[in-house]
Amino acid sequence: MSYKTIIVDTRGAVGIVQLNRPKALNALCAELIEELNAALDAYEADPEIGAIIVTGSEKAFAAGADIKEMLPKSFQDVYMEDFISRWERITRCKKPVIAAVSGYALGGGCELAMMCDFILAAENAKFGQPEINLGTIPGSGGTQRLTRFVGKSKAMEMCLTGRMMDAEEAERAGLVSRIVPVTDLMDEALKVAQAIAAKSLPSVMMAKEAVNAAYETTLTQGVRFERRLFHSSFALDDRREGMTAFSEKREPQFRNR
Ligand code: CO8
């Protein structure tokens, strides 16, 4: 399938989506979101793919929702079409999704990165929720996810002032998993995605589901959910293979079942 606003590529078991509207700093328009969702559907359905990377350009992961597209919309328009609900498809991916962020991740761009499973940041990455400067507020989880990642004080300051956070501050605050040099970003993202894709996919999916449950449940419920998934993993051939390989001092041969 050919796309106009994204570039897709696969490297072994890793599916890559590169946001590609360079003239608009990858501003997220409706067409881009539909294409991103289609690419995610295809990677989810492809048994050869074990991990997905979403990235942008060196200058911008994404500078937010497309302001020019939003400008003429009325309350009725956004309310009736439930504007932005289509943007959250990425949160329903069962396969792991890594955001490789270089440059600006602002507004919806920051929200999109936070919807991924973790964020790998280049040294020049800048995160922010500048919607307040446009007379509006974050609309796709910015006030909620950012607060869970970095705590109330920082999230509140960023949402009320529109201040950007650089990569170092984002790493200190727990928003990104780690920082790498700009030129190494894709190599590092691929390395970590390939390492994940080499594991047993059903156990990767269980681990992802369990970590995500930490955001939705109490500790007691979360631990119980984790225990049930842990027990379920004993039904996997891959669990037997992993433990057998350890005992036999060899690498496991996972078959995703
Ligand atoms: N929408 C549309 N066009 C944009 C956007 C955007 N968000 N950001 C940049 N562009 C365009 C500019 O208009 C410009 O186009 P042109 O050359 O035709 O004038 C081009 O990209 C280059 O931009 P600049 O000349 O401004 O580049 P600078 O390097 O000077 O500045 C900045 C870079 C600081 C990133 C600046 O472009 C900027 O402030 N952009 C807007 C950032 C912003 O406010 N983002 C929040 C948008 S609102 C939002 O995201 C709501 C979220 C809703 C939920 C989304 C769900 C995922």
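Conventions and cut-offs
- Residues numbered from 1 in each chain as written.
- Predicted model: local features only at pLDDT ≥ 70, side-chain atom pairs only at ≥ 80, totals over all residues.
- Heavy atoms only, no water.
- Patch = residues over 30% accessible without salt bridge, like charges linked within 9 Å, V, L, I, M, F, W, Y side chains within 5 Å.
- Areas by Shrake-Rupley, 256 points an atom, 1.4 Å probe, with all protein chains shown as cover.
- Salt bridge = Lys/Arg side-chain N within 4 Å of Asp/Glu carboxyl O.
- Lys, Arg positive; Asp, Glu negative; His and termini not counted.
- Charge placed at Lys NZ, Arg CZ, Asp CG, Glu CD.
- Helix = DSSP H or I, 4+ residues; strand = E, 2+ residues; numbered from the N terminus.
- Core = buried A, V, L, I, M, F, W, Y, C linked by side-chain atoms within 4.5 Å.
- Buried < 20%, exposed > 50% of the residue type's maximum accessible area, 1.4 Å probe, protein only.
- Near = heavy atom within 4 Å.
- Polar contact = N/O pair within 3.5 Å; in protein donor to acceptor, adjacent residues only side chain to side chain.
- Nonpolar A, V, L, I, M, F, W, Y, C, P; charged D, E, K, R; others polar.

Attention now moves to a negative patch on the surface. On the surface, Glu123, Asp166, Glu168, Glu171, Asp184 and Asp187 cluster together into a patch of negative charge. You can see aspartate 187 is positioned in helix H8 (residues 185–197).

A few words now on the nonpolar core. Among the nonpolar cores identified, the biggest contains 47 residues, and Leu19, Phe61, Val101, Ile119, Phe127 and Leu175 are the most heavily contacted of them. The element best represented in this core is helix H1 (residues 30–45), accounting for 6 residues. Grouped together as the second largest cluster of nonpolar side chains are 17 residues, Ile16, Ile53, Ala197 and Val204 included.

Neighbouring the ligand are 23 residues; Lys59, Ala65, Ile67, Trp87 and Gly108 lie closest to it. In the model, an oxygen atom of the ligand is placed 2.9 Å from a nitrogen or oxygen of the lysine 68 side chain. Glycine 108 places a main-chain nitrogen or oxygen 2.8 Å from an oxygen atom of the ligand. When isolated, the ligand has an accessible area of 1,100 Å², and the protein chains bury 68% of it. Contributing elements (two or more residues each) for the shell around the ligand: helix H2 (67–70), strand S6 (104–106) and helix H4 (108–115). The element contributing the most residues to the shell around the ligand is H2, with 3 residues. For the shell around the ligand, the class distribution of residues is 13 nonpolar, 4 polar and 6 charged.

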